[in-house]
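# Topology and contacts: notes
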Amino acid sequence: MSKRPPYDELMAACSILVLERLSAADFTAAGLFPDWFAAFAPAGFSPEGGRLRPATIFPFLEYFLEDAEEFWARGVDGKMVSGFWTETAPDGADMNFEAVAYRRGNSNFLFIRRLTTGFDRLHKVFQKGRELSLAHERLFSEISKKDILLHCIIHDMSGPLTGMMGALEIAKQENLSRRGKQLVDLGLAAAKRQANLINNLLDTFREEFGPADKTLPDPAQAPDAIACGREVLATLQPSLAMHDIRGEVRLPPGVASLRVIAEKSRLERIFYNLLQNAMRFSPRLGSIGVSFQAEEDFVRIAVEDEGPGVSPDVAPQIFQKFVRGNCSGGKAGLGLFFCRITTEQWGGSIGHEPRPGGGTSFWLRLKRVR
Amino acid sequence: MIQKKICLLGGHAVGKTSLVARFVKSVFTEKYHTTIGVKIDKKTLSMGDRAVNLTIWDLAGEDEFGAVDIAYLRGASGYLLVIDGTRRSSFDRALNIQQRAEKKVGSVPFLALINKADLAAEWELTDTELQSLTALGWKVFHTSAKSGDAVEAAFKILTEAMLNHS
Ligand SMILES: Nc1nc2c(ncn2[C@@H]2O[C@H](COP(=O)(O)OP(=O)(O)O)[C@@H](O)[C@H]2O)c(=O)[nH]1
Ligand SMILES: [Mg+2]
């Protein structure tokens, strides 16, 4: 049988650096070294009886050696293994290591092992696993964005219906022929069916909802908030009239137009939602005001009603998705949520406050464009 | 020379390793190379007339494969809590990690980095969520490991805070 090579040679062949503990910080490294050690050996280090402070080479060990000291002090034979760590060698390549505190008889050893094939395989599994989980996350967020879009489309479709139904209700009061009445009733029934359908669709979407696209609208296309508010108020006129509610625009003296950072169709929808809300809670013969105030960099818009006010228990969440204020049934409870995420996307803010004489004021502050 | 240990904490793939690479080597790669265990880097920062030797512990991100090993925070003078602005999930995770970190090392200085600022148009985090961090008294920075925006500044401000803290 041939003579067995010394153990340190075998260990070095396994990429393991063997250090024997002298004191808490100092170790000796005798014999042979694994190949990788050349990249980390301190300048002027001599292998013969050379002393080493491993924690100065690998800061990771500063941490591990604290635990190892406790382990060695116990005086029990055995070993303790560190977690994996990665160092960048001077040539820029990443190397992975693991340390073992080992005790045998009265000798304490520190093994530092460079990890190769096994670690690389483990890394591949982690890499793949995390990539897949990221891809899954991305796909999921993509799907919810599509959902939101669809949701908004459906929500938009329901807007004009209120106007249509209001107009038809008023038409019914007119002096119509029998045939005319029948047609109006037919129209009303169809509009109600449609509204119902949309409500059902919205219900199925209640699950997930979040803010959609985030780019600021172009200031060059900034709409006039006053004109926008006026138009929406006009389209709601039939419904207002039906409920004997007066709607009016309230302007500061000498101001005829105020341009804001917003996108026109969505700003209209915000007016629509706030006005419909106000209408829903307004008493008969009450009035609803749309007021505008110019500030230095902002325009403050408020929709003011004379309703019962927002109840304190829903107030904190009123701008969250799917919260219904009070008991009168709204649509998806999405209107105010839409208003909030949209104004926030435009760099504005939204809120509500009780009015001094009773009623509620829902206000928006939008960036002003001069 | 002053020696300081800092840790990077956060969910996986938020950009911890990329931020360190940007800071230490001024490089960035789109390719994702996941960290297992902890990656150690060193960099010397000159703070006025003082030089500070930083040992940077880039801890593996937290995910379904395992939790952040909070024990590695031992001896850290400060940490960077990284959030991926494009991924909501990383926000909740960071809040959770921060609580565990505070339990481990107490109230050492830390900064919250909302990373991937170059993708701000795709951010999932809303202003309200970001403001809630400031409301907690956190120092929040928007960084990009890709463009390098605010990366060096963040490390410097953390180091400054660590020097004032000790
Ligand atoms: N666009 C962009 N991508 C980034 C940024 N930081 C990191 N990434 C990418 O995000 C992925 C994860 O980065 P990594 O640093 O490995 O994240 P870690 O798991 O937190 O260490 C990689 O594909 C990076 O290229 C950034 O600021 N902007
Ligand atoms: Mg990493």
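These numbers were taken from a predicted model, which means no experiment stands behind them.

### Quick notes on the pattern of salt bridges
All names here are of chain A. A full pass over the atoms with the stated rule returns 27 salt bridges over all chains. A salt bridge links Glu231 to Lys264; the shortest N-O distance between them is 3.5 Å. Residue Glu231 is located in helix α6 (residues 225-235), and its partner Lys264 is located in helix α8 (residues 264-281); the two are separated by 33 residues in the primary sequence. The residue Arg365 makes a salt bridge to Glu295 at a minimum N-O spacing of 2.8 Å. Taken together, the positions of Arg365 in strand β13 (residues 360-369) and Glu295 in the loop between β10 (287-294) and β11 (298-304) put the pair 70 residues apart, joining distant regions of the chain.

### Quick look at unusual backbone geometry
The residue Asp244(A) is not glycine, and still its phi comes out positive at about 55°. Located in the positive-phi region is Lys116(B), a residue other than glycine, with phi close to 75°. Mapped onto the elements, Lys116(B) comes out in the loop between β5 (110-115) and α3 (127-135). A relative accessible area of 23% means that Lys116(B) is categorised as partly exposed.

### Quick look at the interface of chain B and chain A
Contacts between the two partners involve 32 residues from chain B, matched on the other side by 28 residues from chain A. Between chain B and chain A, a total of about 2,700 Å² is buried, with carbon and sulfur atoms accounting for 53% of that surface. Among the residues of chain B in contact with chain A, Ile36(B), Phe65(B) and Arg74(B) are the three that bury the most area, contributing 25% of the side total. For Arg130(A), the salt bridge identified is with Asp63(B), shortest N-O distance 2.4 Å. Where chain B meets chain A, there are 17 residue pairs in polar contact (both at pLDDT 80 or more). When residues of the side of chain B that touches chain A are assigned to their parent elements, the largest contribution, five residues, is made by strand β2 (residues 38-47) of chain B.

### Examining the packing of α6(A) against α8(A)
Residues and elements named next belong to chain A. Orientation of α6 relative to α8, taken along the N-to-C sense of each, is 50°, at an axis distance of 9 Å. Between α6 and α8, the interaxial angle falls into the category oblique. Handedness of the crossing formed by α6 with α8: right-handed. Between α6 and α8, the contacting residues are Ala225, Cys228, Gly229, Glu231, Val232, Leu233 and Thr235 on the first element and Lys264, Leu267, Glu268, Phe271, Tyr272 and Leu275 on the second.

### Comments concerning the coordination of the magnesium ion (ligand 2)
Residue and element names in this part refer to chain B. Each protein donor to the magnesium ion (ligand 2) is listed here as Thr17 (OG1) and Thr35 (OG1); together their distances run 2.0 to 2.2 Å. Here Thr35 lies in the loop between α1 (16-25) and β2 and Thr17 lies in helix α1, a separation of 18 residues in the sequence. Here Thr35 falls in the buried class, since its relative accessible area comes to 12%.

Calculation criteria
Starting from 1, residues in each chain are numbered consecutively following that chain's sequence as written. Whichever chain is written first is A, and whichever ligand is written first is 1; the rest continue in order. Reporting of local features is limited, given that this is a predicted model, to residues whose pLDDT is at least 70; pairs of side-chain atoms are given and counted only at 80 or more, and all residues count toward the totals for whole chains, interfaces and linings. For side-chain calculations, the full set of non-hydrogen atoms in the structure is used, while hydrogens and water are omitted. We define a salt bridge as a contact between a side-chain nitrogen of Lys or Arg and a carboxyl oxygen of Asp or Glu at a distance within 4 Å. Secondary structure follows DSSP: runs of H or I at least 4 residues long count as helices, runs of E at least 2 residues long count as strands, and numbering of each begins at the N terminus. Residue exposure (1.4 Å probe, protein chains only): buried if accessible area is under 20% of the type maximum, exposed if over 50%, otherwise partly exposed. Here a residue-residue contact requires only that any non-hydrogen atoms of the pair lie within 4.5 Å. Accessible area that two parts lose when put together, with a 1.4 Å probe and added across both, is what the buried area reports. Polar contacts, as counted here, are pairs of nitrogen or oxygen atoms within 3.5 Å of one another; within protein the pair requires one atom able to donate a hydrogen and one able to accept it, and residues that are adjacent in sequence qualify only if both atoms are side-chain atoms. Only the stretch in contact is used when fitting a helix axis, every axis being a line fitted to C-alpha atoms; angles between N-to-C directions are given from 0 to 180 degrees. For this classification, under 35 degrees means roughly parallel, over 145 means roughly antiparallel, 65 to 115 means roughly perpendicular, and everything else is oblique. Handedness of a crossing is defined here by the sense of rotation of the near helix relative to the far one, left-handed for an anticlockwise turn of less than a right angle and right-handed for a clockwise turn. Donor selection uses N, O and S atoms within 2.8 Å of the metal (3.2 Å for Na, K and Ca). Since no water is included, sites may look incomplete.

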